[in-house]
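Structural features, examined
These are the residues of each chain, in order.
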Amino acid sequence: MGQREGAAGLTTHAPQAAQAVTLPTTLDEAVAALTAVPAAVPVAGGTDLMAAVNSGLLRPAALVGLGRISEIRGWQYQDGHALLGAGLTHARMGRPDFAALIPALAAAARAAGPPHIRNAGTLGGNIASAAPTGDALPVLAALEATLIIAGPGGARREIPVSHLLAGMDMLRAGELIGYVRVPLLHAPQVFLKATGRTGPGRAVASVALVLDPRAGACAARWAP
Ligand SMILES: Cc1cc2nc3c(=O)[nH]c(=O)nc-3n(C[C@H](O)[C@H](O)[C@H](O)COP(=O)(O)OP(=O)(O)OC[C@H]3O[C@@H](n4cnc5c(N)ncnc54)[C@H](O)[C@@H]3O)c2cc1C
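I will try to describe carefully the structure that is included in this document. Bear in mind that the values here come from a model prediction, so they are computed numbers and not experimental data.

Procedures and definitions
Residues numbered from 1 in each chain as written. Predicted model: local features only at pLDDT ≥ 70, side-chain atom pairs only at ≥ 80, totals over all residues. Near = placed C-beta within 6 Å. Helix = DSSP H or I, 4+ residues; strand = E, 2+ residues; numbered from the N terminus. Nonpolar A, V, L, I, M, F, W, Y, C, P; charged D, E, K, R; others polar. Buried ≥ 20, exposed ≤ 12 C-beta atoms within 10 Å, placed from the backbone. Pairing = 2+ DSSP bridges. Axes fitted to C-alpha atoms, helices over the stretch in contact; angles between N-to-C directions. Contact = placed C-beta atoms within 7 Å.

1. Considerations on the site of the ligand
In the vicinity of the ligand, 30 residues are found, and the nearest of them are Gly 45, Gly 113, Gly 121, Gly 124 and Gly 125. Of all the elements in the fold, those that place two or more residues in the shell around the ligand are β4 (40–43), α2 (49–54), α6 (115–120), α7 (123–129) and β10 (176–183). Top contributing element to the shell around the ligand by residue count: α7, with five residues. Tallied by class, the residues present in the shell around the ligand amount to 15 nonpolar, twelve polar and three charged.

2. Structural notes on the environment of Ala 104
Tracing the backbone shows Ala 104 in helix α5 (residues 103–110). Residue class for Ala 104 comes out buried when judged on the 24 C-beta atoms lying within 10 Å of it. C-alpha of Ala 104 to C-alpha of Ala 208: the two residues are 104 residues apart in sequence and 7.1 Å apart in space.

3. Structural notes on the sheet that holds strand β7 (residues 81–85)
An order of β6-β7-β10-β8-β9 is seen for the five strands of this open sheet, with the pairing classed as antiparallel. In this open sheet, the two strands that pair with only one neighbour each are β6 (75–78) and β9 (156–160). Sheet twist, expressed as the average angle between the axes of neighbouring strands with direction ignored, equals 25°. For β7 and β10, the ladder comprises five bridges, and the chain directions are antiparallel. Following the sheet pairing, His 81 is matched in β10 by Pro 183. On the sheet, helix α1 (residues 27–36) packs against β8 (146–150) and β10 and is oriented at approximately 140° with respect to β10.

See the structure below:
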């Protein structure tokens, strides 16, 4: 059985891998591709998704690759916040310029698996997978970050990350996480992670603690 090259450049041994792979270059094109083929699944870095395909847990009928959407691979400033593209990789968020902006998220990104996973894995994939071991998640919850979700017809809606993680609000058909809006607090914040082994590994427990000077008397929030 030959190997196939996945949308994210990852190799799959799955015998029935997706037959149709679309590679849009804008967020709205990606939403349109998902809407046109309801069975299609978005794939960003593929680190979670291709693992599920290779282990036989997932047999997507079609894939919509997000890797060519340049608008979600960087960040911009907006009203005291950073608007982070969902396609930012852990490797990019771990760099010093990003660490100066959101130190706890950079620390989480640096702790997210071995280098090849950090090079491919994205912020949006980490959130959408919503695994208890997702390193970005306690940081985003503690920062009270929000998600900008792109939907059919150019629609955008904003929800707290914590609502998605708690299952209070879910992604609807055709929707994609486009951006993550994070307040720039310019105050101490930390991310701590315990693993069951030496070296890179998934979290057994993790916690983020941020000080929010906007709250008058410096509120501290933590998320396990
Ligand atoms: C060996 C290994 C070690 C790992 N170690 C860690 C670790 O230490 N810490 C950690 O946090 N994670 C770890 N992971 C998990 C994974 O790397 C991260 O969760 C990563 O951030 C997922 O991003 P991705 O771009 O690869 O997602 P993908 O695999 O491409 O997608 C994951 C899911 O999210 C959906 N999705 C992706 N992007 C979007 C979007 N923009 N909008 C809506 N849905 C979307 C996909 O449809 C899919 O359901 C590990 C994975 C592996 C294989």
